Each structure stands twice: as C-alpha cells, then as structure tokens.
Amino acid sequence: MINHQTQLKVQAYLDGELSAGEARAVEELMRSDADAQALHQELRIARSFLAGNELERKLPESPEFYWSKIRRQIERAESTPDGLSEPTAPPWWSRFLAPAGVLGALAVFVALVLRSPQDGGTFLALDDSHEIETPLEETSSFSFRSEAAAMTVVWVDSHRE
Amino acid sequence: MAVLFFASQVPVQSGPADLSLQAQLVWGTNKEKPDDPKLKEVDPSVAEKLRKVFKWKNYFEVNKQNVTVTVGSPKKVKMSDHCEIEVQNLGSASIEVKLYGKGKLAVRKTQKIHPTELLVLAGDDKDDTAWFVVLSQPQK
C-alpha cells in the first residue's frame with residue numbers, strides 16, 4: 001500500500017511534472033512496488049479514456065449571447081449586497097481617482113447639456129449611434145451584436161425567477 | 001481625448017427622410033407549433049438568424065406590421081395586448097426604439113439601422129420560451 005504522497009508523485013510522473021531525478025525515483029519505485037505500478041497503469045488508462053472520449057459541450061446559444069448573460073449575472077450578483085463580505089479599506093490610490101471622477105462627471109454633464117432637446121434624458125452613450133436605457137427598476141437589459149447573424153440584440157431581463 | 005468625447009456627443013443632422021421598417025413580434029420555443037391559427041411561420045431567413053444566436057429551435061410570428069417613420073414624428077405600433085413599441089426616426093439611418101410592456105417603458109434603444117441587419121429586442125417568457133420584437137428594413 002503506497003501513501004497519498006507517493007500516489008501524487010506517480011500522478012505527477014504520468015503528467016510529466018517531475019524533475020529528471022524525481023522521475024527516476026518514481027520509475028525505480030514502480031519496478032519494485034506492485035501497488036505503485038498498478039496505480040500508474042490505472043491512471044494511464046483513465047487518461048487515455050478521457051482524452052479519447054471527452055464530452056463535447058456545445059453552447060445552446062451564440063457565444064456572444066451566452067457570455068453576455070453570464071457577465072450580466074455576475075454584475076447583478078456583485079451589485080447585490082449579501083452581507084457576507086467584509087468592507088475593505090479603499091486602496092491608497094483611490095484618493096487620486098476622486099478628482100478624476102469629478103472631472104469625468106462634469107464632462108458628462110456638459111456633454112448632455114450640449115445635446116439637442118429631443119435627446120433629453122440621455123444617460124449612456126456607447127458611441128454616437130448606440131444608447132440603451134432600462135428605466136424600470138425591476139428590469140435590466142444588455143445589448144450585444146452578433147456578426148454572424150448580422151443582428152443587434154437588446155435582451156430585456158425582467159428578473160423573474 | 002476630451003475633444004473626441006465631445007465630438008462624439010454632437011448629433012448629426014440630416015434632411016428628413018422616411019424610413020420604412022418592418023416590426024415582427026416573434027415567439028420562440030423548443031416545442032412544436034401550437035394549435036393556434038394566429039401563429040405563422042417566421043420568414044426562414046429571419047428564423048435562421050435567430051437560431052444562430054438563441055437556443056430556441058422554432059420561431060413563430062405573432063404579429064407583423066410595416067411602419068414608415070418620418071424624422072421628428074415618432075410612431076407607436078401595437079404588437080400585442082401587452083407589447084407596444086414606439087419608433088422614432090432620428091435621421092442618418094438612426095432610430096430610437098422604445099419598448100413598452102403593459103404600458104410601462106421597459107427599454108429604450110438608439111441604434112443605427114442597416115438594410116441587411118436586424119435589431120432585436122427580446123426577453124424570456126414562461127415555460128422556457130421567449131419573445132422577440134424584430135425590426136428590419138423591408139427589402140425593396
């Protein structure tokens with residue numbers, strides 16, 4: 001019976017993760033220890049099965065849509081206080097961001113004031129031709145473009161469970 | 001940097017030009033077509049595009065309307081009892097689309113629209129189905 005540490009060594013040997021000296025030691029062990037030899041054989045077979053029969057996972061949706069949804073879920077989870085994480089002190093460099101933030105907010109304000117009247121109420125401009133707003137609290141949305149389908153999608157999430 | 005930022009915010013004005021759009025309310029499902037005479041097969045090219053992006057296999061047209069929008073005159077289009085859109089022609093091939101669900105503004109989107117491209121507003125529906133409002137420019 002070989003111990004757990006030796007089992008890990010045998011596995012590392014099979015994965016080519018050992019130095020030359022360690023590899024020689026494991027080879028020596030396997031010549032003299034039937035358990036080590038059997039484990040090596042077992043792992044080798046398992047690896048060949050996995051390599052040849054790995055289950056291919058196909059995304060049910062386009063990658064753009066799939067990852068947009070995941071990103072949205074992460075953002076939503078991060079914005080929801082769970083009461084578990086401890087508050088952390090702001091990093092020292094954050095004090096320099098405050099003036100930059102004020103300047104940025106001022107720039108946005110001036111830009112919005114300069115817009116034509118029919119554009120009133122605008123808040124987020126990704127570029128000069130793309131804006132999105134979700135005014136209802138119980139809904140959120142994200143937008144993405146699929147080049148393959150020549151389509152821009154606005155996905156509206158009503159947060160129904 | 002600041003100059004670029006401000007420049008990007010200045011709206012581009014153009015002369016009034018009518019914009020013809022087709023608005024389709026589409027329902028997506030993985031089940032077979034229900035026995036509902038109001039549901040029609042979606043145009044195959046549209047269905048194929050939707051299949052490229054979304055997981056649903058079958059897409060059925062609930063309603064289709066053509067609308068012509070003039071710059072400065074937004075138009076409301078009722079897609080169903082609970083769903084309405086308002087389209088505004090901003091000029092320069094840009095449109096603003098407001099989607100209303102049960103009378104409440106759910107989302108507002110401003111977007112350049114290209115003749116060969118679709119603008120799709122969509123969301124989940126019950127029983128693992130989805131709704132889609134597909135905006136396109138009808139082929140001339």
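Since the structure is predicted, the reported quantities are computational estimates derived from the model, not experimental observations.

Trainee: A description of the overall build of chain A should follow, citing residues and the corresponding values.
Mentor: A count of helical and extended segments in chain A gives five helices and four strands. Listed by position from the N terminus, the elements making up chain A come as α-α-α-α-α-β-β-β-β. Looking at the 161 residues of chain A, the share that counts as buried comes to 11%.

Trainee: Describe the pairing of strand E7 (residues 104–112) of chain B, and please don't skip the residues or the numbers.
Mentor: Residue and element names in this part refer to chain B. In the sheet, strand E6 (residues 94–101) pairs with E7 via eight bridges, with the strands oriented antiparallel. For Val97, the partnering residue across the bridge sits in E7 and is Lys109. Turn length for the E6-E7 hairpin, with the two strands adjacent in sequence and antiparallel, is two residues, and the turn residue Lys102 shows positive phi of about 50°.

Trainee: How would you explain the packing of helix H1 (residues 4–14) of chain A against helix H3 (residues 34–53) of chain A if you had to name every residue and give the values?
Mentor: Residue and element names in this part refer to chain A. Running from amino to carboxyl end, H1 crosses H3 at an angle of 45°, the nearest separation of the two axes being 10 Å. Classed by the angle they form, the pair H1 and H3 counts as oblique. Classified by chirality, the crossing of H3 by H1 is right-handed. Judged by residue contacts, Thr6, Gln7, Val10, Gln11 and Leu14 of H1 engage Ala36, Leu39, His40, Leu43, Arg44 and Arg47 from H3. Residues of the contact of H1 with H3, tallied by class, amount to five nonpolar, four polar and two charged.

Trainee: Report on the environment of Asp127 of chain B, specifying residues and quantitative values.
Mentor: Residues and elements named next belong to chain B. Summarising the element assignment, Asp127 is placed in the loop between strand E8 (118–125) and strand E9 (129–136). Owing to 8 C-beta atoms within 10 Å, Asp127 belongs among the exposed residues under this scheme. Sequence separation of Asp127 and Asn30 is 97 residues, and the distance between their C-alpha atoms is 9.9 Å.

Trainee: I'd like a description of the environment of Val107 of chain B, backed by residues and values.
Mentor: Residue position: Val107 of chain B is located in strand E7. Given 24 C-beta atoms within a 10 Å radius, Val107 of chain B is considered buried. Not counting the four nearest positions on each side in its chain, Val107 of chain B is found in contact with Ile132, Glu133, Thr134, Ser141, Val154 and Val156 of chain A together with Leu99 and Leu121 of chain B.

Trainee: Please provide a residue-by-residue account of the sheet that holds strand E3 (residues 140–146) of chain A, values included.
Mentor: Spatial strand order, E3(A)-E4(A)-E8(B)-E9(B)-E1(B)-E3(B)-E2(B): seven strands in an open sheet with mixed pairing. Edge strands, defined here as strands with exactly one partner in the open sheet, are E3 of chain A together with strand E2 (40–41) of chain B. Pairing analysis gives two bridges linking E2 of chain B to strand E3 (residues 58–69) of chain B, with the strands arranged antiparallel. Paired with Lys40 of chain B across the strands is Glu61 of chain B, a residue of E3 of chain B. Strands E3 and strand E4 (151–157) of chain A of the sheet are contacted by helix H4 (residues 63–79) of chain A, whose axis makes an angle of about 155° with E3 of chain A. The strands touched by helix H2 (residues 44–53) of chain B within the sheet are E3 and E4 of chain A together with strand E1 (19–29), E3, E8 and E9 of chain B, with E4 of chain A carrying the most contacts at an inclination of about 60°.

Trainee: So, the confidence of the model for chain B: which residues are in play, and what are the values?
Mentor: All names here are of chain B. Of the residues in chain B, 88% reach a pLDDT of 70 or more, and the chain-wide mean stands at 87. In the model of chain B, helix H1 (residues 2–9) stands out as the element of lowest mean pLDDT, 44, in contrast to strand E4 (residues 75–78), which has the highest, 96. Across residues 1–15 the pLDDT falls below 50, and counting only partners more than four positions away or on other chains, this stretch makes 17 contacts in the model. Model confidence for the complex is summarised by a pTM of 0.59, with the ipTM given as 0.83.

Trainee: Describe the nonpolar core, and please don't skip the residues or the numbers.
Mentor: Formed by 41 residues in total, the largest nonpolar core has its most connected members in Val120, Leu121 and Val133 of chain B. Apart from residues no more than four positions distant in its own chain, Val133 of chain B is found in contact with Ala23, Leu25, Met79, Ile85, Leu99 and Leu121 of chain B.

Trainee: Pulling in residues and values, what's your account of the environment of Ala36 of chain A?
Mentor: Residue and element names in this part refer to chain A. By the element assignment, Ala36 lies in helix H3. Under the C-beta neighbour-count criterion, Ala36 is labelled buried, with 21 such atoms within 10 Å. Separated by 30 residues in sequence, Ala36 and Thr6 place their C-alpha atoms 8.0 Å apart.

Trainee: Which residues make up H2 of chain B, and what values go with them?
Mentor: Along an α-helix, a turn takes 3.6 residues, which lines up residues three or four apart on a common side. Residue and element names in this part refer to chain B. Residues Val46, Lys49, Leu50 and Val53 constitute the buried set of H2. All buried residues of H2 lie within an arc of 100° about the axis, which places them on one face of the element. For H2, the exposed residues set more than 90 degrees away from the buried face come down to Pro44 and Glu48.

Trainee: Quick one: what's the story with unusual backbone geometry, residue by residue and with numbers?
Mentor: Residue and element names in this part refer to chain B. Notably, Ser92 is not glycine yet its phi reads approximately 55°, a positive angle. Along the chain, Ser92 turns up in the loop between strand E5 (83–91) and E6. Even without being glycine, Ala93 reaches a positive phi, approximately 60°. With respect to the helices, strands and loops of the structure, Ala93 is situated in the loop between E5 and E6. A count of 16 C-beta atoms within 10 Å places Ala93 in the partly exposed class.

Conventions we followed
Residues numbered from 1 in each chain as written. Chains lettered and ligands numbered in written order. Predicted model: local features only at pLDDT ≥ 70, side-chain atom pairs only at ≥ 80, totals over all residues. Helix = DSSP H or I, 4+ residues; strand = E, 2+ residues; numbered from the N terminus. Buried ≥ 20, exposed ≤ 12 C-beta atoms within 10 Å, placed from the backbone. Pairing = 2+ DSSP bridges. Axes fitted to C-alpha atoms, helices over the stretch in contact; angles between N-to-C directions. Parallel < 35°, antiparallel > 145°, perpendicular 65-115°, else oblique. Left-handed = near helix turned anticlockwise from the far one by under 90°. Contact = placed C-beta atoms within 7 Å. Nonpolar A, V, L, I, M, F, W, Y, C, P; charged D, E, K, R; others polar. pLDDT = per-residue confidence, 0-100. Core = buried A, V, L, I, M, F, W, Y, C linked by C-beta atoms within 7 Å. Arc of directions from axis to C-beta.

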